[in-house]
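# Structural features, examined
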Amino acid sequence: MTAEPILLSDYAPPVWLVDQVSLTFRLSPGATRVLSEISFRPNPDRAPGAFRLDGEGLRLIAAAIDGAAVSPVIDASGLRCDVPDRPFVWTAEVEIAPEKNTALEGLYMSNHMYCTQCEAEGFRKITFYPDRPDVMAPFAVRIESDLPVLLSNGNPVAAGDGWAEWHDPWPKPAYLFALVAGDLVAVSDDFTTASGKQVKLNIWVRPGDQDKCDYALDALKRSMKWDEDSYGREYDLDVFNIVAVDDFNMGAMENKGLNIFNSKYVLASPQTATDDDFARIEAIIAHEYFHNWTGNRITCRDWFQLCLKEGLTVFRDQQFSGDMRSHAVKRIEDVLMLRARQFREDNGPLAHPVRPEAYVEINNFYTATVYEKGAEVIGMLKRLVGDDGYKAALDLYFTRHDGDAATIEDWLTVFQDATGRDLTQFKRWYSQAGTPRLTVTDDFSNGRYTLSFEQKTPKTPGQDDKLPQVIPIAVGLLNPNGDEIVPTTVLEMTEARQSFTFDGLAARPVPSILRGFSAPVIVQRDSTAQERAFLLAHDTDPFNKWEAGRALAKDVLIRMISEGAAPSAGLLDALHRVAGDDSLDPAFRALVLRLPSEDDMAQSLVDSGLTPDPGTIHATTRMLKTAIARHLSDLLPRLYADMACPGPYRPDAGDAGRRALRHSALAYLSRLDAGAQATAQYAAADNMTDQLGAFACLLEIGAGAAETRAFYDQWADDRLVLDKWFALQAGLAAPERAASTVKTLAKHPDFDWKNPNRFRSLIGAFATNAAGFHTPDGAGYDLVADWLIRLDGVNPQTAARMSTAFETWPRYDADRQDMMRAALSRIRAHPGLSRDLGEMADRLMGA
């Protein structure tokens, strides 16, 4: 049985507050001793109550209150003890075994390095403590070990032979605690804050990885400067440390002053990392740094408020990446991710509000809804109150709530106080699950153009009837000759049905609706191929210009699948015009040339009232790609040649955009020349973007056997590059061979399935191979279910997150539905299933 859910409505402030925490770690792989000294006092805002501390998997050696030994009652989730009704000092000594901690939560070991991951509830696996985000205190830490580098939060205060002491003066919840100890080397620099304070910056890596840190260090310095310039936030400690760790469940963790990163998001060189890798490193470095204020200095009161720190910080890192690169391209990329992950979540059994009201295992709610949709909600709020209102509200937020554990109500209140705007209805974005559908009709008469909207949000688990939401709809109007006659105007929709008029127009305009993707909704409007082509050619809004091409391609694919239609000449001509338009950003052109994913097309077919067949989608997409290649055949060689980047490799946005367009051209060329140009590029490549791009082109057309062997031979000793080798083979294998390819790779001596990166690179990549995962025989479902059951006994958190491979089962035919539900039932019935995976299986089957 799944454990009882924790409810937002049951929140109560802590009975006991903490004024100071002192910890001593005597590190040993199998028997680490943790000594804690914690100053407690009664919470004056709570009635007296029992004293209970969280703790899991701890062996209690001794405990005392004010120096007098006590014998607490211990259970599976913590302890309780009689305590005086006054301030007191709790001391305890526990023993833990980091080397046996394969779940990678709490204190564990990664290749002989000690490291921690405490968010959300990992600190209770280190010592007994009130492990909740609204209990905040300064920490003093002493680490004793013969390892050369001993790190913790805050500032270093003392060190000697075999020990080091750290002090973090800023009160923090336990989930932000961090410790690292190992044989590490630092790549260092300094940063001078706006007020003139010198901050020491260190990126700690294993010996031999020092040459892969320069970009991350540069991204950190740019993030610090940007946060000062854009939000007025300075760094507040003497040192900022980042540590790269190979075994890590997530991307990175914003622990105060000691960020711990998945090495994938730190280490990069032109030879080992792609343009996409560099962009992700830049964004994640920024994201974790920005948490120093939006997450650390101001944290969340409880885990139901997770979207407060994560949605806001994602929005901030998106702003930063747009400033560093291209806002137009960044917006398109963000929406592609939102639709691929969050819309998919909203359309299935895992749908939940941005602020959930219940959970069994909080680790299961680190989702695209909380992060990406949470960021979209921030973006809508900024659009509604304007730049000045947003700035005033953020300044008030930082002033009013510095040092607080805040809530969504606190967040919205500062906007109301700063702008005078009533946000009661807007708050529904935090409480209602699902993606609103926005149906649009229009009318033109006597110079008056009317746009009419109807909003409706489908039922989601636990929520049937949805109330109207505030939807900012950015609209522009174009004349039939392509001139813009009404620039971007934000229409504020608040009713279930609402109309807006534009007067004094000489002719019926062409509307450009939801410019910049101004709200996370699905627009439903009857539109012709001619209108979409017109917007692709003339729209002044970059997002909607791209969106028109995207919609045109979807329409063509749907007709090819459902009616057996031929590829549309209108689409082919439109793509030829965009590809050859040198006035357009190369990165933008590359995005236009990228067809919708097969998973995206499956949902689009469902939205059109059709049942998707993944094999048919795959075959049709390949057919359309070949038709595009033939239609662009006169242009592709020039495009490929012109987009070559002169000089040495640079990861900047300009060169990355040129390479993206060049590889788009190469992918289409490969369908015409049997991969000859890709083979030549692979052989000549002097950077990973070119090498991997050519390798992918060859695999996609069923070639590349020699390159597969050569790539492994070249990169067998580089763990991160080898992840790419596994992922490409699993993700691009032909559907009929995908499961067998993965089974063979799973037997490879380099497939370390206990490493989250390696597991995701093979099993996760296979799950994104839509036609391969969804073969009619169900082999893909059985394969993934088998691996999730196996991984759950070692790493429940990663297993639970990977189970989302099954979240789209309701969209498919009855046979596939039955096979996916059978796989989930088998997972659910497995003896000893974790709380993490058990909750996910229950939710997935509850659709």
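A brief look at the structure comes next. Being a predicted model, the structure only gives us computed values, none of them experimental. (Residues numbered from 1 in each chain as written. Predicted model: local features only at pLDDT ≥ 70, side-chain atom pairs only at ≥ 80, totals over all residues. Heavy atoms only, no water.)

### Focus: the side chain of N43
Put simply, the rule is: Comment: elements are numbered from the N terminus, with helices defined as DSSP H or I runs of at least four residues and strands as E runs of at least two. Only protein chains enter the area calculation, which uses a 1.4 Å probe; residues under 20% of their type maximum are buried, those over 50% are exposed, and those in between are partly exposed. Each polar contact in these results corresponds to two N or O atoms within 3.5 Å; when the atoms are within protein, one needs to be able to donate a hydrogen and the other to accept it, and residues that are neighboring in sequence are counted only if both atoms are side-chain atoms. Contacts are residue-level and defined by heavy atoms, with any inter-residue pair within 4.5 Å sufficient.
Relative to the assigned elements, N43 resides in the loop between β3 (32-42) and β4 (51-54). Relative accessible area serves as the criterion here: at 7%, N43 is assigned to the buried category. Polar contacts involving the side chain of N43 include one to the main-chain carbonyl oxygen of P14, which spans 2.8 Å. The residues contacting N43, other than those within four sequence positions of it, are P13, P14, V15, W16 and L17.

### Some remarks on the packing of helix α15 (residues 653-669) against helix α16 (residues 676-684)
The criterion, for reference: Orientation is described by lines fitted to C-alpha atoms, with helices fitted over the stretch in contact, and by angles between N-to-C directions that extend from 0 to 180 degrees. Put simply, angles under 35 degrees are roughly parallel, angles over 145 are roughly antiparallel, angles from 65 to 115 are roughly perpendicular, and the rest are oblique. For this scheme, ten residues count as nonpolar: Ala, Val, Leu, Ile, Met, Phe, Trp, Tyr, Cys and Pro. Four count as charged, namely Asp, Glu, Lys and Arg, and the remainder, Gly too, count as polar.
Between α15 and α16, whose axes approach to 8 Å, the crossing angle comes to 135°. With respect to each other, α15 and α16 are oriented oblique. Counted together, R662, H663 and L666 of α15 and Q677, A678 and Q681 of α16 form the full contact between these two elements. By residue class, the composition of the contact of α15 with α16 is two nonpolar, three polar and one charged.

### Topic: the sheet that holds strand β2 (residues 16-26)
What counts here: By the convention used here, strands pair only if DSSP detects at least 2 bridges between them.
Taken in spatial order, the eight strands line up as β6-β5-β9-β3-β2-β12-β15-β14 in an open sheet, and their pairing is mixed. For this open sheet the edge positions go to β6 (68-69) and β14 (155-160), each flanked by a neighbour on one side alone. Inspection of the sheet shows β2 paired to strand β12 (residues 137-144) by six bridges, in the parallel sense. Along β12, the bridge assignment pairs S22 with A140.

### Digging into α15
Put simply, the rule reads: Given the number of residues in a helix, its expected span is that number minus one, multiplied by 1.5 Å.
The end-to-end C-alpha distance of α15, which contains 17 residues, comes to 24 Å, matching closely the 24 Å that a straight helix rising 1.5 Å per residue would cover. For α15, the tally of buried residues reaches twelve of 17 residues, placing the bulk of the element in the interior. Among all positions in α15, only D655, A656, G657, R659, L661, R662, H663, S664, A665, L666, Y668 and L669 are buried. Turning to α15, the residues buried within the fold contact α2 (275-290), α11 (586-593), α13 (614-631), α14 (636-642), α16 and α17 (688-700). Sitting at the amino-terminal end of α15 is D652, which places a side-chain oxygen 3.1 Å from the backbone nitrogen of G654.

### Observations concerning helix α25 (residues 814-828)
Quick reminder of the rule: Of all possible arcs, the one meant is that of the directions from the helix axis to the C-beta atoms.
Here α25 spans 21 Å end to end across 15 residues, near enough to the 21 Å set by a 1.5 Å rise per residue. Within α25, the full set of buried residues consists of R816, M820, A823, L824 and I827. Down the axis of α25, the buried side of the element spans an arc of 95°, and every buried residue falls inside it. α25 presents A814, D815 and D818 as exposed residues on the side facing more than 90 degrees away from its buried surface. Where α25 is buried, its residues contact α13, α23 (779-792) and α26 (835-845). Looking at where α25 begins, the residue whose side-chain oxygen comes 3.2 Å from the main-chain nitrogen of D815 is D813.

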